[in-house]
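# Understanding the architecture of this molecule
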Amino acid sequence: MTEKKNQETFNPIKTITQRTFRKNRSRNLVAVLAILMTTLMFTTLFTLAQSMCKNLIEMTFRQTGYDAQASCKAITPEQAEMLAAHPDVKELGQSIVLGLAENRQLGGRQVEIRWADDSYAAHSFAAPTTGRMPQSAEEAAMDTITLDRLGIPHEVGQKVTLEWRKDISDPDAEPVQAEFTLCGFWEGNQSGYASMAWVSREYADAQTQGQLSTGTEDGILGLYMVQVSLYSDNNIEAAMDRILADTELDGLEYGVNLAYSPEMGATAIQETLPMYLGMALVFVAGYLIIYNIFQISVAADTQFYGKIKTLGATDRQIRKLIYGLANRLCMIGIPVGLILGWLLGAALVPAFTGIIESGGAVSVHPLIFTGSAAFAWLTVLLSCLRPARLAGKVSPVEALRMNDADTPRRRKTKRSHTGESLAGMAWENLGRNRKRTVTVICSLTLGLVLLSCFYAKNTAFDMEKYLAELTIADFELADATSGNYIGGYDPQGTTLGKDLVQELETMEGVETVGHQYSHQLVWQFDDQTTENLKGFYTDALLADWARYDPAGVDAFHHAVDTQEMNAVVFGLDGIPLDAVTQPQYVMEGSFHPEAFSGGDYILAVGPAIAEKDGHPVLPVPSVGSTVTLEGRSYTVMAIVFPLDPVDRGASEAGAPEAMEQHFILPTDTFRQNWPENTLRKLFFNVDDAHMDTVQNWLDAYTATVDTSLPVTSRQSMAQQYEAETRSTAVMGNTISVVIALVGVLNFVNSMVTAILSRRREFAMIQSVGMTRRQLCKMLVYEGLCYAAVTLVLSYLISALAVGVGIRGMVAGGFTTFRFTLLPLYICTPILLVFALLIPFVCFQNLESQSIVERLRMD
Amino acid sequence: METILKTTGLKKYYGKGETLVKALDGIDLEIERGKFTAIIGTSGSGKSTLLHMLGGLDIPSEGSVNVDGTELARLNSEQATIFRRKRIGFIFQNYNLVPVLNVWENIIFPITLDGRKPDQDFILQVIRLLGLEKKLDSLPNNLSGGQQQRVAIARALAGKPSIILADEPTGNLDTRTGDDVVGLLKMTGREFRQTIVMITHNPEIAQMADRIVQIENGRIAAQ
Ligand SMILES: Nc1ncnc2c1ncn2[C@@H]1O[C@H](COP(=O)(O)OP(=O)(O)OP(=O)(O)O)[C@@H](O)[C@H]1O
Ligand SMILES: [Mg+2]
């Protein structure tokens, strides 16, 4: 007893904090889980946001093609030297353009033949990762995209032949055939506008004969340009102007990298904003649920706080106790949540940024961790606020009397004649703490409703509808130059040679085929068409158009003034003709196959607008009017929608820059008029059994015979779409699952706390004669009541939300609404099992202590 | 003599309408310093409620309580708590022990909450008198009802408060221990000039008091 005297100072609040914490293991577990999940959600959100941001910036750099702050295209090497000497210039990269590679296999991909110094290459994402930059005239370095197109293995020392013209504006100029030895290569940048093929300075000087140009007026051969890297990203324009003033180069033209412009940042934010908002909304919902879980845990202690208050604990001391406990929980929950959240985020990043080439970089910004930790901690503190205030406000005696039921006054209950049934008792018990019951039911319902909505929205997407607009056949093959937007389409291209077409069309399993030919010409149009054009392109529309394509507007005005524009005539038969003349794609007039095949009728391709979209006229020749093309006249039968697979493609090589009108003729008529034009696109459908054989045959063909053959298959389109939308799907599913999990955790937690907090009461009713079977039954009934109310509410609200909300949301687009509550059907048995299992398990746990023990328990 | 506890028109109503309970219905009571007052009354007559009011544990519906010149209504919750832990020793009808603290810690709990140093010699003396010396390390759950009651008494005495409010402190004790406890209360009361207000159902113990107040239906029936 005397040792008591020597006991060092006893800190009552600290002692109680420690011991309470140790005592409530199971409850702490739930609270820690709640904190962990909050932290996890925040960390995941932050990791995703940060990584997305990082990847988006990276992507814009790759799209603009370089990551230096500014570039100059009208500068002399002497001026560049002066710039480089300025202290604010970090690095200056130089390059000399020779021309564009025009190898047939490169169709559609711009490959620039240039010399560049190491800095320029590095800042253009084109520094060789294997090998080195070219040093002698025979050497060249290029990216893997170009090598793949040319069918050259990724190996230093391979021979590469590049074909180019010194004067690209002259289609008849003598092409240069240059053979190089590959001295280095790097992973190509798909999102960049062009690939680089670096040659040595020696080769460049030999080609330009030392003549460097400072503008594109006289071709691009010898065009000298530099990239300027600065130390700071802020106010690039001002910094550049200052540097130019310092070096007395005022007025020198330069361009600021678009990726650094504030508008770019704004667009990036704008593009990701809806996603962030959606995420935020769901996170708020999840957060509220977690808040509830934690609050239930703290609120259960209010009675205890009342007790120590009667013994003289001040409000401050009680708050200290509450926060002390919360902090201990945080100390476990937050670090674990941070780690798991980051891992989850890291796992999700590729799904989000998968479409961005080179994406998938996971950010480890310290802000992620400090931010999430702070948010989670704040959540916990907020959850403590209310119980702390409550304990402070309530008079101590009242706090003492407060037990599980939140209203001490006894409600008069109508007793049924048969006396009190167990189910009735269970139902009444739910009503005892109505606030908690409502909270739990609401949070669980919220989780289930969100889950149903996400699911219904995701399943509403109709791949068939989507693909129908993008592909009209199982396989679509095109001429290599069909998509060559730089060099232009060659109407006499040889990619789809007779033998190839013959072989494919007679291949086993091929069901239907279709062809597309095309021809471009200058077309004089009539007054009616002019009126139509003017009627369609209102001033507002033109102003809008001018914002992103001022050249297009100029072309429009030119066309209207001269009544002359380019006409592209497609000769169609089979699949493409059937597709584009389906009733839903006929915008005006009507299609009569027999009359059309006669050759006197023509179809005009309209603008890409849904229906007429409120436009009084379409900007094309009117139905019934006459169109004269190279001497032959046709009557416009109908105006059709510009279906992508039919209408997409580059303009013909060498055609003047002008507005374009597309027309469709039957193949036969087309072939009569322009017999020397070769096939532009081949479409064919294959039965399901032979899909793979045909695909394999084509894969082999493009790998060994003709690497330049563009093949689009429905299958690969579907896969590509899935890759592109995986992020949203993953997001929706992850969030739904997390919310559902949190809801279940909440359900479990509240049932467990409700049962545990009534241990004494149960002991009492057991001591007065209720058998354990009866008690167990009552508890199970309680659980079932909980589940039943939740489910009924979830079904009602989900049905409403899905049937009205989601139906409205998915209207239009590539969707077909299907009413489904599948997630609910799946959750129903799970919830019921939980409702049965939890009371049972808890009760087993209770039974391990004798009635007397429990009666004495505090 | 000097009045230390004074209530005027003290009322406490619970609920409303049909379920209205008038726990206290106009109590005017004055208690003098150093006196030992016993409160008696049938169960549910409002005794505990009155005691809670005197200790500032609950807020009256009407009327006022004055403790040693301090109007309790004037104090905010924080001040009331500090006032209570410095001046009043409470013995609760249901003991109100902190389950996670052992007997010794329970006894010194209010003193340490107040940041004071317990007077160990005095407390040990009280503990010995109450026969708790063997139980100091036990947790309240492992004590009998009588033992718990004695811990509650020791706790109330430990801080040498000027007022002791005891709600049936001998209810769970055998007659001899009960008499000893009341004897102890009286003794320390005299020694430290403590004012004692004690609720009891035991007429013999009530007889040991300087004054008996009888409560019925929330009013003073006799004194
Ligand atoms: N928080 C409360 N809510 C509703 N009624 C209450 C509350 N506290 C006390 N009462 C009622 O007030 C009346 C007086 O209660 P009190 O506890 O003061 O009685 P008591 O005289 O101490 O009885 P006992 O001798 O049985 O302890 C009782 O009828 C009780 O039901
Ligand atoms: Mg009482």
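Residues numbered from 1 in each chain as written. Chains lettered and ligands numbered in written order. Predicted model: local features only at pLDDT ≥ 70, side-chain atom pairs only at ≥ 80, totals over all residues. Heavy atoms only, no water.

### Details of the overall build of chain B
Counting its regular elements, chain B contains seven helices and ten strands. Looking at chain B as a whole, 56% of its 223 residues qualify as buried. In the form shown here, chain B has an accessible surface area of approximately 9,300 Å², with 47% of it arising from carbon and sulfur atoms. (Helix = DSSP H or I, 4+ residues; strand = E, 2+ residues; numbered from the N terminus. Buried < 20%, exposed > 50% of the residue type's maximum accessible area, 1.4 Å probe, protein only. Areas by Shrake-Rupley, 256 points an atom, 1.4 Å probe, with all protein chains shown as cover.)

### Structural notes on the overall build of chain A
Within chain A one finds 30 helices and 20 strands. Going through the 858 residues of chain A one by one, you find that 51% of them count as buried. Long-range pairs, those at least 24 residues apart, make up 82% of the contacts in chain A with a sequence separation of at least 6. (Contact = heavy atoms within 4.5 Å.)

### Structural notes on the coordination of the magnesium ion (ligand 2)
Residue and element names in this part refer to chain B. Around the magnesium ion (ligand 2), the protein contributes the donor atoms Ser 48 (OG) and Gln 93 (OE1), which lie 1.9 to 2.4 Å from the metal centre. Here the residue Ser 48 occupies a position in helix 1 (residues 47-54), and Gln 93 occupies one in the loop between strand 6 (88-91) and helix 3 (103-113), the gap between them amounting to 45 residues. The exposure class assigned to Gln 93 is partly exposed, which follows from its relative accessible area of 43%. (Donors = N, O, S within 2.8 Å, 3.2 Å for Na, K, Ca; no water.)

### Comments concerning the interface of chain B and chain A
Counting residues at the interface gives 40 residues for chain B and 35 residues for chain A. Taken together, chain B and chain A are joined by one salt bridge. With a shortest N-O distance of 2.5 Å, Arg 19 of chain A and Glu 105 of chain B are connected by a salt bridge. Classifying every residue of the side of chain B that touches chain A gives 17 nonpolar, eleven polar and twelve charged. (Salt bridge = Lys/Arg side-chain N within 4 Å of Asp/Glu carboxyl O. Nonpolar A, V, L, I, M, F, W, Y, C, P; charged D, E, K, R; others polar.)

### Details of the nonpolar core
If you look at the biggest cluster of nonpolar residues, it comprises 96 residues, and the most contacted ones within it are Ile 16 and Ile 308 of chain A together with Leu 5, Leu 50, Val 98, Ile 123 and Leu 165 of chain B. Residue contributions to this core peak at ten residues, all from helix 11 (residues 315-353) of chain A. With residues up to four places along the chain from it excluded, the contact list for Val 98 of chain B reads Ile 16, Phe 304, Ile 308 and Leu 311 of chain A together with Asn 106, Phe 109 and Pro 140 of chain B. Formed by 72 residues, the second largest nonpolar core is a distinct cluster that contains Met 507, Leu 572, Leu 665 and Leu 698 of chain A. (Core = buried A, V, L, I, M, F, W, Y, C linked by side-chain atoms within 4.5 Å.)

### Thoughts on the pattern of salt bridges
By the definition in use, this model includes 19 salt bridges over all chains. Between Arg 648 of chain A and Glu 476 of chain A there is a salt bridge, and its shortest N-O distance comes to 3.5 Å. Here Arg 648 of chain A is found in the loop between helix 23 (644-647) and strand 18 (660-666), whereas its partner Glu 476 of chain A is found in strand 11 (residues 475-478), with 172 residues between them in sequence. You can call Arg 648 of chain A partly exposed: its relative accessible area is 30%. A salt bridge links Arg 85 of chain B to Asp 114 of chain B; its shortest N-O distance comes to 2.8 Å.

### Considerations on the site of ligand 1
Close contacts around ligand 1 come from 14 residues, with Ser 43, Gly 44, Lys 47, Ser 48 and Thr 49 of chain B the closest. Near ligand 1, the surrounding residues are drawn from chains A and B. Lys 47 of chain B has a polar side-chain atom sitting 2.7 Å from an oxygen atom of ligand 1. Between Gln 93 of chain B and ligand 1, the recorded distance is 2.9 Å, taken from a side-chain N or O atom to an oxygen atom. Expressed as a share of its isolated accessible area of 630 Å², the protein-covered part of ligand 1 is 74%. Within the residue set of the shell around ligand 1, elements represented by two or more residues are strand 2 (21-32) and helix 1 of chain B. It is helix 1 of chain B that contributes the most residues to the shell around ligand 1, three residues altogether. Residues belonging to the shell around ligand 1 are distributed by class as follows: three nonpolar, nine polar and two charged. (Near = heavy atom within 4 Å. Polar contact = N/O pair within 3.5 Å; in protein donor to acceptor, adjacent residues only side chain to side chain.)

### Focus on the sheet that holds strand 9 (residues 211-216) of chain B
Residue and element names in this part refer to chain B. Strands sit in the order 6-7-8-3-9-10 across an open sheet of six strands; the sheet is mixed. The open sheet is flanked by strand 6 and strand 10 (219-222), the only strands paired with a single partner. The average angle at which neighbouring strand axes cross in this sheet is 25 degrees, direction not considered. Contacting strand 6 and strand 7 (163-167), helix 5 (residues 145-158) runs over the sheet at an angle of about 175 degrees to strand 6. Helix 6 (residues 175-191) contacts strand 3 (36-40), strand 7 and strand 8 (195-199) of the sheet and is inclined by roughly 160 degrees relative to strand 8. (Pairing = 2+ DSSP bridges. Axes fitted to C-alpha atoms, helices over the stretch in contact; angles between N-to-C directions.)

### Section: helix 27 (residues 759-767) of chain A
All names here are of chain A. Where helix 27 is concerned, the buried positions are Phe 762, Ala 763 and Gln 766. What you see down the axis of helix 27 is that its buried residues fit within an arc of 100 degrees, all on one side. Once helix 27 finishes, Gly 769 follows within two positions and takes phi at roughly 120 degrees, a positive value. (Arc of directions from axis to C-beta.)

### What to know about the confidence of the model for chain B
Predicted coordinates in areas of low pLDDT are best not read in detail. All names here are of chain B. Of all residues in chain B, 100% attain a pLDDT of 70 or more, and the chain-wide mean is 89. Looking over chain B, one finds the lowest element-wise mean pLDDT in helix 6, namely 84, and the highest in strand 9, namely 94. Scoring the predicted complex yields pTM 0.63 and, for the interface, ipTM 0.87. (pLDDT = per-residue confidence, 0-100.)

### Some words on the sheet that holds strand 1 (residues 3-14) of chain B
Residues and elements named next belong to chain B. Across the sheet, which stays open at both edges, the four strands sit in the order 2-1-4-5 with antiparallel pairing between neighbours. Of all the strands in the sheet, just strand 2 and strand 5 (70-71) have a single pairing partner and so form its edges. Here strand 4 (residues 62-67) pairs with strand 5 via two bridges, running antiparallel. Within strand 5, the position partnered with Val 67 by the bridge is Thr 70. Helix 1 contacts strand 1, strand 2 and strand 4 of the sheet and is inclined by roughly 125 degrees relative to strand 1.

### Topic: the side chain of Thr 170 of chain B
Here Thr 170 of chain B is to be found in the loop between strand 7 and helix 6. Ignoring any residue separated from it by four or fewer positions in sequence, one finds Thr 170 of chain B in contact with Gln 149, Gly 178, Val 181, Val 182, Thr 200 and Ile 205 of chain B.

### Thoughts on the side chain of Gln 227 of chain A
All names here are of chain A. With respect to the element layout, Gln 227 can be found in strand 9 (residues 223-230). For Gln 227, a relative accessible area of 4% corresponds to the buried category. Polar side-chain contacts of Gln 227 include one of 3.3 Å to the side chain of Ser 124. Apart from the residues within four sequence positions on either side, Gln 227 is in contact with Tyr 66, Ala 68, Ala 70, Ser 71, Glu 91, Leu 92, Gly 93, Tyr 120, His 123 and Ser 124.

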